[in-house]
Amino acid sequence: MKPLFRLAMIIATALLFVSLIGCGADDDDDDDKDDDTAEVTLDFVGTTWQVASINGVTFEQLFTAAEPEPGEPVFETEFMLGDNSWVFKDDGTFTGALEFILIEKYPDPVSSMKQEITIASEGTYTADASTLTVDTHNLSIDVVVTLEPKEVWEQQIVGNTIEQLQNDLAAETEKGFSPTATGALFKAGTAYTWSVDGDSLMLTGAIQKLALEKASE
């Protein structure tokens, strides 16, 4: 069986809000002078945020199994979100952490594939009164795949071991989180128009609309 877990692909196909946001230059010289001297307040800095949705779709919805096509195996998914925190610091750096577990349960034969994903994120950004641009972004990704029960999986694989198959599936999953992928979160070089409304931060880019919420203390 091949894992149906493909974050980058799912995000790319879920791009329901495609908008190019631009910042026009001021024509009035006096306005330019005011802009140069005005102090810009970045309301999102120093707060711990959680990604609530991507293009209006939550993580739980992203990993809910779609209705299978005729002839495809029927299976259930269980999704558990752990750490989900992102902080933009006043020194122009940002950090992020994302942890979750996805379990695919197959009825025939009865078996499961558990994927534990841990992502550590760090990078740099620049921002003004309306735009946030991700300049650099580095990711550390750890994926652990567990196939159970082993005896059921062993009957389905040829020329391979359970341990090697688990490692291969983990490596395949890690590729889906490549920072260069089209749908990667906070991809380097991406510019977002930002706005804060109470406990919500909205980041709108060319192919992503990220809704973040202030993390509970």
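For the structure, check the block above.
Along each chain, the written sequence defines residue order, and numbers are assigned to residues from 1. Given that the model is predicted, a residue must reach a pLDDT of at least 70 before its local features are reported, and side-chain atom pairs must reach 80 or more before they are shown or counted; all residues, however, enter totals for whole chains, interfaces and linings. For the side-chain quantities, the full set of heavy atoms in the structure was used; hydrogens and water were omitted.

### Observations regarding the pairing of strand E6 (residues 191-197)
Between any two strands, at least two bridges found by DSSP are needed for them to pair. In DSSP terms, a helix is any run of H or I states spanning at least four residues, a strand is any run of E spanning at least two, and both are numbered starting from the N terminus. Relative to E6, strand E5 (residues 131-148) is paired through three bridges, and the arrangement is antiparallel. Within E6, the position partnered with Leu132 by the bridge is Tyr192. Turn length for the E6-strand E7 (residues 200-204) hairpin, with the two strands adjacent in sequence and antiparallel, is two residues, and the turn residue Gly198 shows positive phi of about 65°.

### Describing the environment of Glu151
Relative to the assigned elements, Glu151 resides in helix H4 (residues 150-154). Along the chain, Glu151 and Ile162 lie 11 residues apart, while their C-alpha atoms are 9.1 Å from each other.

### Points about the side chain of Asn55
Position of Asn55 among the secondary structure elements: in the loop between strand E1 (48-54) and helix H3 (59-62). With a relative accessible area of 1%, Asn55 lands in the buried category. Identification of polar contacts relies on pairs of N or O atoms within 3.5 Å, with a donor-acceptor requirement for protein atoms, meaning one able to donate a hydrogen and the other able to accept it, and with residues adjacent in sequence counted only if both atoms are side-chain atoms. Within the structure, Asn55 has its side chain in polar contact with the backbone nitrogen of Lys209 (distance 2.7 Å). Whether a residue is buried, partly exposed or exposed follows from its accessible area with a 1.4 Å probe, protein chains only, as a fraction of its type maximum: under 20%, in between, or over 50%, in that order.

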